[in-house]
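Commentary on secondary and tertiary structure
Now for the letters of each chain:
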Amino acid sequence: MDQLPDFWRTEVFHPLSVHFPIVLLLMATLFKLIGLWSSKITWDHGGRFLLILGVLGVWVSIYTGNLADGIVSRQLCDPTVLKEHENFAYTTAWIFTAALAIDILMRFIDLIKTKIVSIVLVILMIAGSGSLAYVGHLGAELVYQQAAGVNIPSEDCSEFN
């Protein structure tokens, strides 16, 4: 009788770690966008907090994705999708890291605390969000079209008995 593989496989850590940064970075972008028009400083501080957590999380996701790469890439019919997913993930991570650096500089250096810099920051975060959406699309393509990291049961599902 076949057995189910252990759930805690290396390639499973990536999907477990990737969903929080997606939400955190998208919400950070929304908070910063609202903060442009709101007089309440809460939106700006909340956006910064979410951005910090999201950037930390996106780099953890990059790390776990690199761990999964060596395992999953051998099973794919079209590994170019995986490479594009990886490249755009790095691009996304660096865009949001740059946004965080600008945001932190704005917090501590009065000379760059201008509305124009805030608008540039939000535009950068919107671009990062677009890149993030495309990375998510590629990740979904890997999982749902090529079964990356997925256990495919036998035809008679005997391993579930």
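Residues numbered from 1 in each chain as written. Predicted model: local features only at pLDDT ≥ 70, side-chain atom pairs only at ≥ 80, totals over all residues. Heavy atoms only, no water.

**Quick word on the nonpolar core**
Formally: The nonpolar core is taken to be a set of buried Ala, Val, Leu, Ile, Met, Phe, Trp, Tyr and Cys residues, with the residues joined through side-chain atoms within 4.5 Å. The rule is simple: take the accessible area with a 1.4 Å probe, protein chains only, and divide by the maximum for that residue type; under 20% is buried, over 50% is exposed, in between is partly exposed. Put simply, DSSP marks the helices as runs of H or I at least four residues long and the strands as runs of E at least two long, and each gets a number from the N terminus on.
Leu-25, Leu-51, Val-55, Phe-96 and Met-125 are the most contacted members of the largest nonpolar core, which totals 19 residues. When contributions to this core are tallied by element, the ones reaching two or more residues are α1 (13–37), α2 (41–72), α3 (79–108) and α4 (115–146). Here the element with the most residues in this core is α3; it accounts for six residues.

**Some remarks on the pattern of salt bridges**
To keep things clear, this is the line we draw: The term salt bridge refers to a side-chain nitrogen of Lys or Arg lying within 4 Å of a carboxyl oxygen of Asp or Glu.
With the rule as written, the count across this model stands at five salt bridges. The salt bridge partner of Lys-32 is Asp-44, with a shortest N-O separation of 2.5 Å. Separated by 12 residues along the polypeptide, Lys-32 in helix α1 and Asp-44 in helix α2 bring together distant segments of the chain. Notably, a salt bridge pairs Arg-48 with Asp-44, separated by 3.2 Å at the nearest N-O pair.

**Some remarks on a nonpolar patch on the surface**
Here is the rule we go by: Residues with no salt bridge and a relative accessible area higher than 30% make up the patches, which join like charges within 9 Å and nonpolar side chains (Val, Leu, Ile, Met, Phe, Trp, Tyr) within 5 Å. Computed by Shrake-Rupley with a 1.4 Å probe, the accessible areas treat only the displayed protein chains as cover when residues are assessed.
A cluster of nonpolar residues, Phe-49, Ile-52, Leu-53 and Leu-56, forms a patch on the protein surface that exposes about 360 Å² of accessible area. Considering the arrangement of structural elements, one finds Leu-53 in helix α2.

**As for the side chain of Ser-131**
Formally: We call two residues in contact whenever any of their non-hydrogen atoms come within 4.5 Å of each other.
In this structure, Ser-131 sits in helix α4. Residues in contact with Ser-131, not counting those within four places in the same chain, are Phe-88, Thr-91 and Thr-92.

**Topic: the UniProt feature "transmembrane region" (unreviewed entry) in the chain**
Operational definition: UniProt positions are given in the numbering used here, feature names are shortened, and annotations may be inferred rather than shown by experiment.
Per the UniProt entry, the sites bearing "transmembrane region" (unreviewed entry) are residues 20–37, 49–68, 88–109 and 116–135 in this numbering. Its end C-alpha atoms 26 Å apart, residues 20–37 is made of 100% helix and 0% strand. Helix and strand shares over residues 49–68 are 100% and 0% respectively, and the end C-alpha atoms of the span are 29 Å apart.

**As for the packing of α1 against α4**
The following threshold applies: Axis definition: a line fitted to C-alpha atoms, over the contacting stretch in the case of helices. Angles run 0 to 180 degrees between N-to-C directions. By definition in this entry, angles of less than 35 degrees are roughly parallel, angles greater than 145 are roughly antiparallel, angles of 65 to 115 are roughly perpendicular, and the rest are oblique. In this scheme the crossing of two helices becomes right-handed for a clockwise turn of the near helix relative to the far one and left-handed for an anticlockwise turn of less than a right angle. Three classes are used: nonpolar for Ala, Val, Leu, Ile, Met, Phe, Trp, Tyr, Cys and Pro, charged for Asp, Glu, Lys and Arg, and polar for all others, with Gly counted as polar.
It is the contact of α1 with α4, at a shortest axis distance of 9 Å, that shows an interaxial angle of 150°. Our classification of the angle between α1 and α4 gives roughly antiparallel. Like other packed secondary-structure pairs, α1 and α4 cross with a definite hand, here left-handed. Facing α1, whose interface residues are Ile-22, Leu-25, Leu-26, Ala-28, Thr-29, Lys-32, Leu-33 and Leu-36, α4 presents Lys-115, Ser-118, Ile-119, Leu-121, Val-122, Met-125, Ile-126, Ser-129 and Leu-132. Grouping the constituent residues of the contact of α1 with α4 by class yields 12 nonpolar, three polar and two charged.

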